[in-house]
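Here is what each chain is made of, one letter per residue.
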Amino acid sequence: MKKSVLIGAGIGLSIILLSVIAMYLGLVFYYSEGFSYGTWINGVYCTGKSINEVNDELLKQWNYEGLTITDSDGKSYTILSEEVNLNVNYERTLELYLQKQNPYLWVDNLIQDATEKQVEPEVTYDETAFNAALDTMPFFDGRRDEDRAVRIDKGEEGYVLINERVHVLNEEKTRSLIKTAFDAFETEVNLENAECYEDLELSEQMRQELALWEKLKEYQSCKIVYQFGEELVPIDSGVVCDWIQTDENGNFLFDENGQLCTDKEKVYEFVDQLADEYDSVGGKRQFHATRGEIVTVEGGVYGNKIDRKAEKEYLLTAFLEGKEETHIPVYTQMALVQGKDDIGDTYIEVDMTNQMLYYYVEGKLEIETPVVTGNTSLRRGTPEGTNYVYNKQKNRILRGQDYASPVKYWIPVKGAIGIHDASWRNKYGGEIYKTNGSHGCINTPLEEVAKLYDMVEIGTPCVMFY
């Protein structure tokens, strides 16, 4: 009995052992065609999977579009992976890793904690296309260091320094940096942060040019601003660069202290140019007439006139003393408004073609009335021009060679030409002026001239035109 039990137990153990061995060998065979139990690669579970299967899964999670390069100006340029035919494959690295795995030792992974393996792909790309893409980058200019100069140029903004030897891109370093970043699958590289820019050594002549530039920069740093009403005219580097005194060869002249000399005649010429631009007495004006068109009005006594002598003395002294100020020029005659538009929005308008007088206050039409101007048939036509109210009187007798006319309101605008009532008239406007006009004045209905007299201020411009 005992013998048969022992035989049965032996047979049972043999069967169990053979079953375990068979299962073990079966898994050995299974893992010989794929990765061993508990294998993780780059976050992918690989147990029992073939190299192709794992390669496909790893490629699905691969995402590299290319490298963006930012230069010192903040401009960015990109080398796309598709431009250089970038190809990624894990098969070789996976095969090498698989060869290191012993399928007979799969049970070790069962007993131990699974560990994750990190592998790098095999990457290829068209280096010719890559270098061609690099060559198109604007920050590569291909200039040699010895060709980079230091010089002073003159333009509309005055003298400027052109220093091509500062903040120069080291092209060799930059190309190496970009290639290394691309090979490492980096997405961005900043050339400024990577210290790809450097200053080049200077020659003695270059140092002398820089020393001259410091003197020019200081000379041009004028802070005087002319004010003409609402208009500002800065005396900036584009102006004062022409004031530097030079010899017959165009070389700068220096005083005993080594400072640049100023040509005072050039300063005076600038004042004359400024006065020519802003003096308006007797000049041409483009005026927007109430009748809806732009008319050219020339002549008259209204306007601004700069005191050129006083301004020449002021500007030369203020510049040499380095003053920083906003300056209102001295005038020998001042209009109600300064600047190129010296009429402003408060004015009298006399349209002699339509025989109408208008009075605007701050742009609002306050008076609109027909008038009678000078008799053109007798060559007494009221003169065109931009004039101004220079006086106001009541109850005056206007006298001439052949007349003495009492008026209640007298508003002179140019010499003996003025605006006044005319009690001898009962009609205004139309074409009366052609045959029965005044001696040159603007005859105005009593009620309207009375209103104008009360409202208008001395100095108000009066624009008169046909």
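None of the values given here were measured: they were computed from a predicted structure. (Residues numbered from 1 in each chain as written. Predicted model: local features only at pLDDT ≥ 70, side-chain atom pairs only at ≥ 80, totals over all residues. Heavy atoms only, no water.)

Q: Residues and numbers for the sheet that holds strand 27 (residues 442-444), please.
A: Across the sheet, which stays open at both edges, the four strands sit in the order 24-25-26-27 with mixed pairing between neighbours. With partners counted over all chains shown, the strands left at the sheet margins are strand 24 (393-400) and strand 27, one partner each. Each strand axis lies, on average, 45° off the axis of its neighbour in the sheet, ignoring direction. The pairing of strand 25 (residues 403-414) with strand 26 (residues 417-421) spans four bridges and is classified as antiparallel. Bridging across to strand 26, Trp410 finds its partner in His420. Across the sheet, helix 12 (residues 446-455) is in contact with strand 24, strand 25, strand 26 and strand 27; its angle to strand 25 comes to roughly 40°. (Pairing = 2+ DSSP bridges. Helix = DSSP H or I, 4+ residues; strand = E, 2+ residues; numbered from the N terminus. Axes fitted to C-alpha atoms, helices over the stretch in contact; angles between N-to-C directions. Contact = heavy atoms within 4.5 Å.)

Q: Which residues make up the sheet that holds strand 11 (residues 188-190), and what values go with them?
A: Sheets are built from strands that pair by backbone hydrogen bonding, the pairs being arranged parallel or antiparallel. Overall, mixed pairing links the three strands, which are arranged 4-3-11 in an open sheet. Each end of this open sheet is capped by a strand with a single partner; those strands are strand 4 (76-80) and strand 11. Averaged over all pairs of adjacent strands, the angle between their axes in this sheet comes to 20°, without regard to strand direction. When strand 3 (residues 66-70) meets strand 11, the two strands line up parallel, connected through three bridges.

Q: Provide a residue-level description of a negative patch on the surface, including the pertinent values.
A: There is a patch of like negative charges on the surface, built from Glu53, Asp56, Glu91 and Glu95. Sorting the residues of the negative patch by element identifies helix 2 (51-60) and helix 3 (91-100) as the ones contributing at least two each. In this fold, Glu91 is placed in helix 3. Here Glu91 falls in the partly exposed class, since its relative accessible area comes to 33%. (Patch = residues over 30% accessible without salt bridge, like charges linked within 9 Å, V, L, I, M, F, W, Y side chains within 5 Å. Areas by Shrake-Rupley, 256 points an atom, 1.4 Å probe, with all protein chains shown as cover. Salt bridge = Lys/Arg side-chain N within 4 Å of Asp/Glu carboxyl O. Lys, Arg positive; Asp, Glu negative; His and termini not counted. Charge placed at Lys NZ, Arg CZ, Asp CG, Glu CD. Buried < 20%, exposed > 50% of the residue type's maximum accessible area, 1.4 Å probe, protein only.)

Q: Lay out unusual backbone geometry with the relevant residues and their values.
A: The backbone phi angle of Arg379 is positive, close to 60°, even though this residue is not glycine. With respect to the secondary-structure elements, Arg379 resides in the loop between strand 22 (364-370) and strand 23 (385-388). For Arg379, a relative accessible area of 81% translates into the label exposed.

Q: Lay out the packing of helix 9 (residues 264-278) against helix 10 (residues 308-320) in plain terms, naming residues and giving numbers.
A: It is at 9 Å that the axes of helix 9 and helix 10 come closest, and there the two elements cross at 130°. Taken together, helix 9 and helix 10 sit at an angle that is classed as oblique. As helix 9 packs across helix 10, the resulting crossing turns out to be right-handed. Here Lys264, Val267, Tyr268, Phe270, Val271, Asp272, Ala275 and Asp276 of helix 9 come into contact with helix 10, specifically with Arg308, Glu311, Lys312, Leu315 and Leu316. Of the residues in the contact of helix 9 with helix 10, the class split is seven nonpolar, no polar and six charged. (Parallel < 35°, antiparallel > 145°, perpendicular 65-115°, else oblique. Left-handed = near helix turned anticlockwise from the far one by under 90°. Nonpolar A, V, L, I, M, F, W, Y, C, P; charged D, E, K, R; others polar.)

Q: Give a description of helix 3 that names residues and reports values.
A: Those residues of helix 3 that fall on the buried side of the exposure criterion are Leu94, Tyr97 and Leu98. Around the axis of helix 3, the buried residues are gathered within 100° of arc, so they sit on the same side. Facing away from the buried side of helix 3 by over 90 degrees, the exposed positions are Arg92, Gln99 and Lys100. Contact partners of the buried residues in helix 3: strand 1 (40-41), helix 2 and strand 6 (116-117). (Arc of directions from axis to C-beta.)

Q: Account for the environment of Cys196, naming residues and giving values.
A: Relative to the elements of secondary structure, Cys196 occurs in the loop between strand 11 and strand 12 (197-198). Given a relative accessible area of 0%, Cys196 falls into the buried group. A C-alpha to C-alpha distance of 7.9 Å links Cys196 and Glu171, two positions 25 residues apart in sequence. Apart from the residues lying within four places of it in its own chain, the contact partners of Cys196 are Val168, Leu169, Asn170, Lys173, Thr174, Leu177 and Leu191.

Q: Give a description of the pairing of strand 14 (residues 231-234) that names residues and reports values.
A: When strand 13 (residues 223-228) meets strand 14, the two strands line up antiparallel, connected through four bridges. What sits directly across from Val225, in strand 14, is Pro234. Counting the residues in the hairpin turn of strand 13 and strand 14 gives two residues, including Gly229, whose phi is positive at 65°.

Q: How would you summarise the nonpolar core if you had to cite specific residues and measurements?
A: Among the nonpolar cores identified, the biggest contains 35 residues, and Phe35, Ile69, Ile79, Leu94, Phe139, Ile178 and Phe182 are the most heavily contacted of them. Listed by contribution, the elements that provide at least two residues to this core are helix 2, strand 3, strand 4, helix 3, helix 5 (127-135) and helix 6 (171-183). Ignoring sequence-local partners within four residues, the contact set of Phe139 consists of Ile69, Asp71, Tyr77, Leu169, Glu171, Thr174, Ile178 and Leu191. In this structure, Ile224, Tyr226, Val233 and Phe252 belong to the second largest nonpolar core, which totals 31 residues. (Core = buried A, V, L, I, M, F, W, Y, C linked by side-chain atoms within 4.5 Å.)

Q: Explain the environment of Gln333 to me, using residue names and the numbers behind them.
A: Within the secondary structure layout, Gln333 lies in strand 19 (residues 331-333). By relative accessible area, Gln333 is classed as partly exposed at 24%. Taking the C-alpha atoms as reference, Gln333 lies 10.0 Å from Ser280; in sequence the two are 53 residues apart. Those residues in contact with Gln333 that sit more than four places away from it in its chain are Val281, Val301, Tyr302, Gly303, Asn304 and Lys305. At 2.7 Å, the side chain of Gln333 and the backbone oxygen of Val301 are in polar contact. (Polar contact = N/O pair within 3.5 Å; in protein donor to acceptor, adjacent residues only side chain to side chain.)

Q: Explain the pattern of salt bridges residue by residue, including any values.
A: One pass over the full model with this rule turns up 22 salt bridges. When the shortest N-O distance is used, the salt bridge between Arg151 and Asp153 registers 3.2 Å. Accessibility expressed as a relative area gives 34% for Arg151, which makes it partly exposed. Overall, Asp153 belongs to the partly exposed group, its relative accessible area being 27%. Lys179 is paired through a salt bridge with Asp183; the nearest N and O atoms lie 3.0 Å apart.

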